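# Fold and geometry: a report
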Amino acid sequence: MKTLGIFRHAKSDWHDARLRDFDRPLNKRGRKGAALMGLHIRDHAIGWNRVLASPAVRVTQTIELAGEAAGEMPPITWDRRIYLASSATLIDLLREQTGDPRSIMLVGHNPGLEDLIFDLVPDDGSSPMRDVVEEKFPTAAYAVLELDIDSWGQIREGIGRLAHLTRPRDLDPELGPDIQF
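Here's what I pulled together on the structure shown here.

## Considering the overall build of the protein
Scanning the protein from N- to C-terminus turns up six helices and six strands. Starting at the N terminus, the α and β elements of the protein follow one another as β-α-β-α-β-α-β-α-α-β-β-α. In terms of C-alpha radius of gyration, the protein reaches 15 Å, essentially the compact-globule figure of 16 Å for 181 residues. In terms of overall dimensions, the protein has C-alpha extents of about 45 × 30 × 30 Å along its principal axes. Here the protein holds 181 residues, and the buried ones make up 49% of them. Here the analysis covers contacts within the protein between residues at least 6 apart in sequence; of these, 75% occur between residues at least 24 apart. As presented, the protein carries roughly 8,700 Å² of accessible surface, and 49% of it is formed by carbon and sulfur atoms. In the protein, the 23 positive side-chain charges and the 28 negative ones have mean positions that sit 5 Å from each other.

The structure is reproduced here in structure tokens:
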């Protein structure tokens, strides 16, 4: 059994049209959400063996703020392939992992992260949390999948169970979709 964490970057700022998408920072709501989710991830106590993350500014800031709030910063491998990656690319990246860590967390972007959940967790009506993800996997959402595999090289579609899902608004209603900062 392997454990896969999926953490989407927090809410980004769209106000400076001169910035490339890669360089967009977090907005005020995103900074608050990243810190709150960092505490939640720490309290969820998985103990991530490896963190793979997109080097986009909004992801690096999400990880930094989450780590500061949690009081811990796991070692991170930055991989440009995660930036706007498809589910297929993310699966390939996971298959490449050496050393066979028990748990890996991916930190990146939609639609790839959301699609990864859809590809790994069967759509057979047995996962109410998957139904929530079908509505939306919002910014700063955190999911944990249990994968019925012995090594990361065995990862394939339909072998996961969505064991945990938390969105920022689940912890603080002010971080819901209708609140403006």
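## Remarks on the pattern of salt bridges
Scanning the entire structure with this criterion turns up 14 salt bridges. Arg95 is the salt-bridge partner of Asp92, the closest N and O atoms lying 3.3 Å from each other. With a gap of three residues between them, Asp92 and Arg95 both fall in helix α3 (residues 87–95), about one helical turn apart. When its relative accessible area of 37% is taken as the criterion, Arg95 is described as partly exposed. Through salt bridges with shared partners, one network takes in Asp21, Arg24 and Arg58.

## Examining the packing of helix α1 (residues 28–44) against helix α2 (residues 57–70)
Direction vectors running N to C along α1 and α2 enclose 55°, while the axes themselves pass 7 Å from each other. Comparing the axis directions of α1 and α2 gives the class oblique. In the packing of α1 onto α2, the handedness of the crossing is right-handed. The segment α1 lies against α2, with Arg31, Ala34, Ala35, Gly38, Leu39 and Arg42 engaging Thr62, Leu65, Ala66, Ala69 and Ala70. The residue inventory of the contact of α1 with α2, partitioned by class, reads seven nonpolar, two polar and two charged.

The rules we used
Throughout, residues of each chain are indexed from 1 in the direction in which the sequence is written. Side-chain atom pairs in this predicted model are given and counted only at pLDDT of 80 or more, local residue features only at pLDDT of at least 70, and totals for whole chains, interfaces and linings cover all residues. Side-chain figures throughout are based on the complete set of non-hydrogen atoms in the structure, without hydrogens or water. Labels follow the DSSP assignment, with helices taken as runs of H or I lasting at least four residues and strands as runs of E lasting at least two, numbered in each case from the N terminus. Restricting the calculation to C-alpha atoms gives the radius of gyration, and the globule rule supplies 2.2 Å times the number of residues raised to the power 0.38. The rule is simple: take the accessible area with a 1.4 Å probe, protein chains only, and divide by the maximum for that residue type; under 20% is buried, over 50% is exposed, in between is partly exposed. The contact criterion used is simple: two residues touch if any of their non-hydrogen atoms lie within 4.5 Å. Using a 1.4 Å probe, the Shrake-Rupley method yields the accessible areas, and only the shown protein chains count as cover for residues. His is not counted, nor are the chain ends; Lys and Arg add positive charge and Asp and Glu add negative charge. All charge positions are set by atom: Lys at NZ, Arg at CZ, Asp at CG, Glu at CD. The working definition used for a salt bridge is a side-chain nitrogen of Lys or Arg within 4 Å of a carboxyl oxygen of Asp or Glu. To get an axis, a line is fitted to the C-alpha atoms, and for a helix only the part in contact is used. The angle between two axes follows their N-to-C directions and goes from 0 to 180 degrees. The labels follow the angle: roughly parallel below 35 degrees, roughly antiparallel above 145, roughly perpendicular from 65 to 115, and oblique for the rest. What makes a crossing left-handed is the near helix being turned counterclockwise from the far one by less than a right angle; a clockwise turn instead makes it right-handed. Amino acids are sorted into nonpolar (Ala, Val, Leu, Ile, Met, Phe, Trp, Tyr, Cys and Pro), charged (Asp, Glu, Lys and Arg) and polar (every other residue, Gly among them).

So far we have only geometry, and geometry alone does not tell us how the molecule works.
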